[in-house]
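Residue-level structural notes
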Amino acid sequence: MPKSCAIPFPPRWNTPIRSVIFLSALFCALDVSLSFPNKPNLSSNLVLIGDAKFTNNSSCIQLSNPGISSPSSGFLAQKKPIRLSNSKSRKPVSFSADFTFSISPHNGDGLAFLIVPRNFPSRFSRGSFGVLKERRFLGVEFDTSVDESVGDANANHVGIDVGSLVSVKTSNVSSINLVLNSGMKLHSWVDYDSSSKRIEVRLSKFGSARPYNPLLVYQVDLGEMWRNEEVLIGLSSSTGNSMQISNIYTWNFRTRNVPHWLHSQPLDPRAFAKDHSEEKLAQKKRICVLGVLSGLVFMTGCGALLALIVIFLWALFESSSETVLTIPGKCTVHSGDFKYEKINVVVGDTPTDAKN
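First, a word on scope: everything that follows refers to the structure included in this document. (Residues numbered from 1 in each chain as written. Predicted model: local features only at pLDDT ≥ 70, side-chain atom pairs only at ≥ 80, totals over all residues. Heavy atoms only, no water.)

**A closer look at the overall build of the protein**
Our working rule: A run of DSSP states H or I qualifies as a helix once it reaches four residues; a run of E qualifies as a strand once it reaches two. Both are numbered from the N-terminal end. Think of it in three bands: with a 1.4 Å probe and only protein chains considered, a residue is buried below 20% of the maximum accessible area for its type, exposed above 50%, and partly exposed in between. A contact between two residues is defined here by any heavy atoms of the two lying within 4.5 Å. Methods summary: accessible areas were calculated by the Shrake-Rupley approach with a probe of 1.4 Å, and residue burial reflects only the protein chains presented.
The number of helices and strands found in the protein is 5 helices and 15 strands. Burial statistics for the protein: of 356 residues in total, 36% are counted as buried. Taking the intrachain contacts of the protein between residues at least 6 apart in sequence as the baseline, contacts between residues at least 24 apart amount to 64%. For the protein, the accessible surface area stands at approximately 23,000 Å², while carbon and sulfur atoms represent 59% of it.

In structure tokens:
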């Protein structure tokens, strides 16, 4: 039998070293139970209310659980409440949220993006997205059932709810060839722009690009609605009388403080197109004026050049018509033609002498 190998320690070290080894072994044994679940696609800054829970190794959140209660409701929200107006400058706040989800093929209530008061968890109820006891809320519902009491048009629509489950505006999801409760993953974007006071909702298949045109647009002043009050923002689901299950795979939320003079996302395409067309018209006018001035300068330059050419040709023609001076080839001079005289000049002292 082989002998075990032991490392000898001084007697006074035995107790501390054994304690360290024991604690190390204890933490190793508890590693699984002390480690937090890995949530790569979901923010850690979330709170789960009602029947909501992490599933599939914490890779998604199941909002409803019809197996334990009927109806079943669940709500996930940011842990930290926010204000939709800046507490210092009192300027309204814009936000953007995007999330991926799936709804099982049952005719339940579906899913809803909610903005609710901070104390909403104490009044959260089962059924109808948990807002039966809440009078102040804003919701974007992804409805998969027809409830005639709230005026649902069909079982596949997106609607805006303001303080009531009767939607103030709806849009048919079938218009973009999607089915909310098909069980497939879908991706939605909810954007609010405080400068234009518009909320826009977009929807597409998971993995597709963000649509340029929103599925639903509604004008609402959330700054006036909530003023300086703290609110919770998140997603809610309820099953109704069905076995429907709603899963959330990703959730992202961010706010933007934007000056009034700077129009932020989401832009109003019509206003942008109008401003852009006016700018292009003004630019065309400037180009037209510059073109006329450039033409005048070019024509003036051409005229001056033409005048110089004419003057040059005229000077060249005149120089070719010069006068010829004829000089006799032979000049004869005789000695008799010249006469020399001797002149005496006497300078005297007096005028008389000069005369002589």
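Still more ground to cover, so stick around.
**Here we look at the nonpolar core**
For the record, the criterion: Nonpolar core, defined: a set of buried Ala, Val, Leu, Ile, Met, Phe, Trp, Tyr and Cys residues in which side-chain atoms within 4.5 Å join the residues together.
Counting 40 residues, the largest nonpolar core has F101, F113, I115, F142 and W251 as the members making the most contacts within it. The dominant element in this core, judged by the number of residues it contributes, is strand β6 (residues 93-103), at 5 residues. Counting 12 residues, the second largest nonpolar core, distinct from the first, contains F75, A77, L114 and F129.

**A few points about the side chain of S145**
To be explicit about the condition: Two N or O atoms count as a polar contact when they lie within 3.5 Å, although within protein this holds only if one can serve as hydrogen donor and the other as acceptor, and sequence-adjacent residues are included solely when both atoms are side-chain atoms.
Structurally, the position occupied by S145 is in the loop between β8 (138-143) and β9 (157-162). For S145, a relative accessible area of 14% gives the class buried. Of note is the side chain of S145, whose polar atom sits 3.2 Å from the backbone oxygen of G108. For S145, the residues in contact, after removing those within four places along its chain, are N107, G108, D109, D152, N154, A155 and H157.

**Details of the pairing of strand β11 (residues 186-193)**
Threshold: Pairing between strands is defined by DSSP: at least two bridges between the two strands are required.
The buried count for β11 comes to 8 of 8 residues, which makes it a mostly enclosed element. Of the two faces of β11, the one lined by L186, S188, V190 and Y192 and the one lined by H187, W189, D191 and D193 are each fully buried. Sheet topology places β6 next to β11; 7 bridges connect them, and they run antiparallel. Opposite D98, over in β11, you have W189 as the bridge partner. With 8 bridges connecting them, β11 and strand β12 (residues 198-205) associate as antiparallel partners. Residue pairing for β12: W189 is matched across the bridge by R202.

**Considering a nonpolar patch on the surface**
Keep this limit in mind: Patch rule: a residue counts if its relative accessible area is over 30% and it has no salt bridge; like charges are joined within 9 Å, and nonpolar side chains (Val, Leu, Ile, Met, Phe, Trp, Tyr) within 5 Å. Here a salt bridge means any side-chain nitrogen of Lys or Arg lying within 4 Å of a carboxyl oxygen belonging to Asp or Glu.
Together, V289, L290, V292, L293 and L296 line one region of the surface with nonpolar side chains, adding up to about 470 Å² of accessible area. Mapping L290 onto the fold places it in helix α4 (residues 269-319).

**What about the environment of G74?**
Looking at the secondary structure, you find G74 in strand β4 (residues 73-78). G74 sits in the buried class, given a relative accessible area of 0%. Taking the C-alpha atoms as reference, G74 lies 9.2 Å from S125; in sequence the two are 51 residues apart. Those residues in contact with G74 that sit more than four places away from it in its chain are I49, D51, A52, L63, F124, L235, S236 and S237.

**Observations regarding the sheet that holds strand β2 (residues 53-55)**
Selection rule: Note on geometry: axes are lines fitted to C-alpha atoms, helical ones only across the stretch in contact, with angles between N-to-C directions running from 0 to 180 degrees.
Taken in spatial order, the 7 strands of this open sheet run β2-β3-β15-β6-β11-β12-β13, and their pairing is antiparallel. Each edge of the open sheet carries a strand with a single partner, namely β2 and β13 (216-219). Here the average twist between neighbouring strands, direction ignored, is 30 degrees.

**Some points on the packing of aromatic side chains**
How we decide: Stacked, edge-to-face and tilted are the three classes for Phe, Tyr and Trp ring pairs, Trp counted by its six-membered ring, which pair at centre distances within 6.5 Å; planes under 30 degrees apart are stacked, over 60 edge-to-face, the rest tilted.
Applying the stated criterion to the full structure yields 12 aromatic pairs. Both rings, one in F75 and one in F124, keep their centres 6.3 Å apart while their planes meet at 25 degrees; by these two values the pair is stacked. Linking F75 in strand β4 with F124 in the loop between β7 (110-117) and β8, this pair joins segments that are 49 residues apart in sequence. Of the two residues, F75 and F124, neither departs from the other in class, the shared state being buried. Ring geometry for F101 versus F142: centroids 5.5 Å apart, planes at 55 degrees, classification tilted. Taken as a pair, F101 in strand β6 and F142 in strand β8 lie far apart in primary sequence, 41 residues in all.

**Some details on the pattern of salt bridges**
According to the stated counting rule, one finds 11 salt bridges in the structure shown. For the salt bridge of E229 with R136, the shortest nitrogen-to-oxygen distance reads 2.7 Å. Here the residue E229 occupies a position in the loop between α3 (222-226) and β14 (230-238), and R136 occupies one in the loop between β7 and β8, the gap between them amounting to 93 residues. By relative accessible area, which is 27% here, E229 ends up partly exposed. On the basis of relative accessibility, which here comes to 36%, the residue R136 falls in the partly exposed class. E200 is paired through a salt bridge with R202; the nearest N and O atoms lie 3.0 Å apart.

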